[in-house]
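# A look at the structure
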Amino acid sequence: MAKSLLQALNSAAHQPSASLSDWMGKTIRLTDGGFWSQLFGSQSSSGKSVTVDTAMRVSAVWACVRLIAETIATLPLGVYRRLPDGGRVADTNHPLYTVLAISPNEHMSPVQFWEAMVASMLLRGNAYAEQHRSAGRVIALTFLLPGRMRLEFKNSVLRYFYNYPDEGEREILAENLLHIPAFSLDGRIGLSPICYGADIIGAAMSAEDAANGTFKNGMMPTVAFKVNRVLKKEQRDEFRQYVETVSGALNAGRSPVLEEGVTPESIGINPTDAQLLETRGWSVEEVCRFFRVPPWMVGHTEKNTSWGSGLEQQVLGFLTFSLTTWLRRIEKSVGKQLMSPVDRMTHYAEFALEGLLRADSAARSAFYSSMTQNGIYTRDDCRVRENLPRRGGNADVLTVQTNLTPLDLLGQSSDGQAARAALQAWLVEPSKE
């Protein structure tokens, strides 16, 4: 019994269930950690039960998860082929490109699919998708709810059991599964942020409850009434009902009428002394720190960040220390689990971070200008990234800033020298005639 209970608690730490309705009509065992985790949640020190559903009701958690998941899901994900000279070229003919960037399955677009995968890692610590293959190639990926997945170690092998709504629990072989763990201590199973952040999220929930209670009472502290005589139960109940009719935010401004011998006294701490607003702001910062999101990106602008002095530097910090870690997890997992060893030698998947510049025309223009003037992109390369047709000819020639000279003409005569040489040749030519 003790061993089973320990396994249940360990399972609950990694796989909170998606919904209690999934367990209707089923036998509940002590080892069904997903059910017990969803039923009781992770108890925080503030007394709040923290589950995925309750955590997402906290505005800071909702904003952080949406920010990271939607940003990653909207970045272009491509498959690239390595060239012998060390370069690369986008391989849109690779079978995996269609699955990753166009249609993961018949029900989801790539934005919806990767949004759900990243949200699963952010909330539950693990993301799962079942692979469907044809002739050894991955042709589709079906998103799996982490709450329905049960993990089991047997003979040092990690086994996966998924509870399908129609057919019940069935084992999925590791080679047929895309498993992307978030931050992990063993390198195989990601830790659930909801479980480990229960105290932080629970404190935010308690602060919200306190604020809501304060507003419900019309921003007034709790008031006690001292009576100089003993009241009967009927009198006490009648007086309470009367006080309720003049209390609360909807009755603000209505003054109670007190009879002789009744004295009001304020009890408890007023919102100013309790620093209610400061507590709510602190909770937002704690949640943002837990998800590594700058507070200003979720609408909390009371304090300036210490990273950089401008918006560009702050975005760069978010990209470097938050988004990049999630992007690399996905890219490396795709290469290891969806590509064959032969494919991994020649191909790899990568997100195009230039997609973040799409909404900033000035930054996009400066980026293209720098790349073309330094011989890194051609003008046709820039046109393709802007969904414009190629022009060919000189538009597909690498140039540098020195008079935009083609690379193969560097070190030769300048345009002025060439013009003078051509003029001299033309002047000499008539004299020969």
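Residues numbered from 1 in each chain as written. Predicted model: local features only at pLDDT ≥ 70, side-chain atom pairs only at ≥ 80, totals over all residues. Heavy atoms only, no water.

With that settled, consider the sheet that holds strand S5 (residues 126-134). Across the sheet, three strands lie side by side as S6-S5-S10; this open sheet has antiparallel pairing. Each having just a single partner strand, strand S6 (137-144) and strand S10 (177-181) make up the two edges of the open sheet. The average angle at which neighbouring strand axes cross in this sheet is 30 degrees, direction not considered. For S5 and S10, the ladder comprises five bridges, and the chain directions are antiparallel. In the sheet register, Ala 129 faces S10, and the bridge partner there is Leu 178. Strand contacts of helix H6 (residues 110-124): S5, S6 and S10, with the helix running at about 145 degrees to S5, the strand carrying the most contacts. (Pairing = 2+ DSSP bridges. Helix = DSSP H or I, 4+ residues; strand = E, 2+ residues; numbered from the N terminus. Axes fitted to C-alpha atoms, helices over the stretch in contact; angles between N-to-C directions. Contact = heavy atoms within 4.5 Å.)

In space, the three strands of this open sheet follow the order S7-S8-S9, with antiparallel pairing throughout. In this open sheet, the two strands that pair with only one neighbour each are strand S7 (149-154) and strand S9 (168-172). This sheet shows a mean twist of 30 degrees between the axes of neighbouring strands, independent of strand direction. The pairing of strand S8 (residues 157-164) with S9 spans five bridges and is antiparallel.

Core analysis: the biggest nonpolar cluster contains 55 residues, and Val 61, Leu 100 and Trp 114 have the highest contact counts within it. With nine residues, helix H4 (residues 59-73) is the single largest residue contributor to this core. The residues touching Leu 100, leaving out its near neighbours within four places in the chain, are Leu 77, Val 79, Pro 110, Trp 114, Leu 141, Val 334, Leu 338 and Ala 349. If you look at the next biggest cluster of nonpolar residues, it comprises eleven residues, including Tyr 128, Leu 158, Tyr 164 and Ile 189. (Core = buried A, V, L, I, M, F, W, Y, C linked by side-chain atoms within 4.5 Å. Buried < 20%, exposed > 50% of the residue type's maximum accessible area, 1.4 Å probe, protein only.)

Let's shift gears to the packing of H4 against H6. The contact between H4 and H6 brings their axes to 8 Å, and the two run at 135 degrees. Classified by the interaxial angle, the pair formed by H4 and H6 is oblique. For the pair H4 and H6, the crossing hand works out as right-handed. Packed against H4, whose contacting residues are Val 61, Val 65, Ile 68, Ala 69, Glu 70, Ile 72 and Ala 73, the element H6 presents Val 111, Trp 114, Glu 115, Val 118, Ala 119, Leu 122 and Leu 123 at the interface. A per-class count over the contact of H4 with H6 returns twelve nonpolar, no polar and two charged. (Parallel < 35°, antiparallel > 145°, perpendicular 65-115°, else oblique. Left-handed = near helix turned anticlockwise from the far one by under 90°. Nonpolar A, V, L, I, M, F, W, Y, C, P; charged D, E, K, R; others polar.)

Here we come to the packing of aromatic side chains. Taken as a whole, this structure holds seven aromatic pairs when the rule is applied. Arranged with centres 5.0 Å apart and planes meeting at 80 degrees, the rings of Phe 113 and Trp 114 form a pair that is edge-to-face. On the accessibility criterion, Trp 114 (2% relative accessible area) is buried. Both rings, one in Tyr 162 and one in Tyr 164, keep their centres 4.9 Å apart while their planes meet at 80 degrees; by these two values the pair is edge-to-face. Residue classification places Tyr 162 among the buried residues on the basis of a relative accessible area of 5%. (Phe/Tyr/Trp six-rings, centres within 6.5 Å; stacked < 30°, edge-to-face > 60°.)

This next bit is on the pattern of salt bridges. Between side chains of opposite charge, a pair can form when the charged atoms approach closely. Using the criterion set out here, one finds twelve salt bridges in the structure. A salt bridge links Glu 169 to Arg 150; the nearest nitrogen and oxygen atoms lie 2.8 Å apart. Note that Glu 169 is positioned in strand S9 and Arg 150 in strand S7, a separation of 19 residues in sequence. Owing to a relative accessible area of 42%, Glu 169 belongs among the partly exposed residues under this scheme. (Salt bridge = Lys/Arg side-chain N within 4 Å of Asp/Glu carboxyl O.)

For the rest of this paragraph, the subject is the environment of Gly 125. Relative to the assigned elements, Gly 125 resides in the loop between H6 and S5. Residue class for Gly 125 comes out buried when judged on its relative accessible area of 0%. Taking the C-alpha atoms as reference, Gly 125 lies 8.5 Å from Ile 194; in sequence the two are 69 residues apart. Once residues within four sequence positions are removed from consideration, Gly 125 is found in contact with Ser 120, Ile 180, Pro 181, Ala 182, Gly 190, Leu 191, Ser 192 and Pro 193.

Our next topic: H6. A rise of 1.5 Å per residue sets the reference length of H6, with its 15 residues, at 21 Å; its end C-alpha atoms lie 21 Å apart and thus fit the reference within 8%. Within H6, eleven of the 15 residues are buried, which leaves it mostly tucked inside the rest of the structure. Along H6, the positions that sit buried rather than exposed are Pro 110, Phe 113, Trp 114, Met 117, Val 118, Ala 119, Ser 120, Met 121, Leu 122, Leu 123 and Arg 124. Backbone geometry just downstream of H6 places Gly 125 in the positive-phi region, at approximately 90 degrees. (Expected span 1.5 Å × (residues − 1).)

Examined against the element boundaries, Asp 91 turns out to sit in the loop between strand S4 (88-90) and helix H5 (95-101). One buried charged side chain, Asp 91, makes no salt bridge at all; its nearest oppositely charged neighbour is Arg 81, positioned 4.3 Å away. Engagement of the side chain of Asp 91 in a polar contact is seen with the backbone nitrogen of Asn 93, the distance being 3.2 Å. Those residues in contact with Asp 91 that sit more than four places away from it in its chain are Val 79, Tyr 80, Arg 81, Tyr 97 and His 347. (Lys, Arg positive; Asp, Glu negative; His and termini not counted. Polar contact = N/O pair within 3.5 Å; in protein donor to acceptor, adjacent residues only side chain to side chain.)

Turning our attention to the confidence of the model for the protein chain. Averaged over every residue, the pLDDT of the protein chain is 75; the share at 70 or more is 62%. At the level of individual helices and strands, the protein chain shows its lowest average pLDDT in helix H1 (residues 2-14), which scores 43, and its highest in S10, which scores 96. Confidence over residues 249-253 falls short of pLDDT 50; this stretch has seven contacts with residues more than four positions distant or in other chains. Contacts from residues 272-277, a stretch scored under 50 in pLDDT, to residues over four places away or in other chains number seven contacts. (pLDDT = per-residue confidence, 0-100.)

Turning our eyes to something else, we now look at unusual backbone geometry. Excluding glycine, residues mostly have negative phi values, and the peptide bonds linking residues are mostly trans. Of note, Ala 135 is a non-glycine position whose phi angle comes to about 55 degrees, a positive value. For Ala 135, the location among the structural elements is in the loop between S5 and S6. Even without being a glycine, Arg 292 presents a positive backbone phi close to 55 degrees. With respect to the helices and strands, the residue Arg 292 is situated in the loop between helix H10 (276-291) and helix H11 (311-338).

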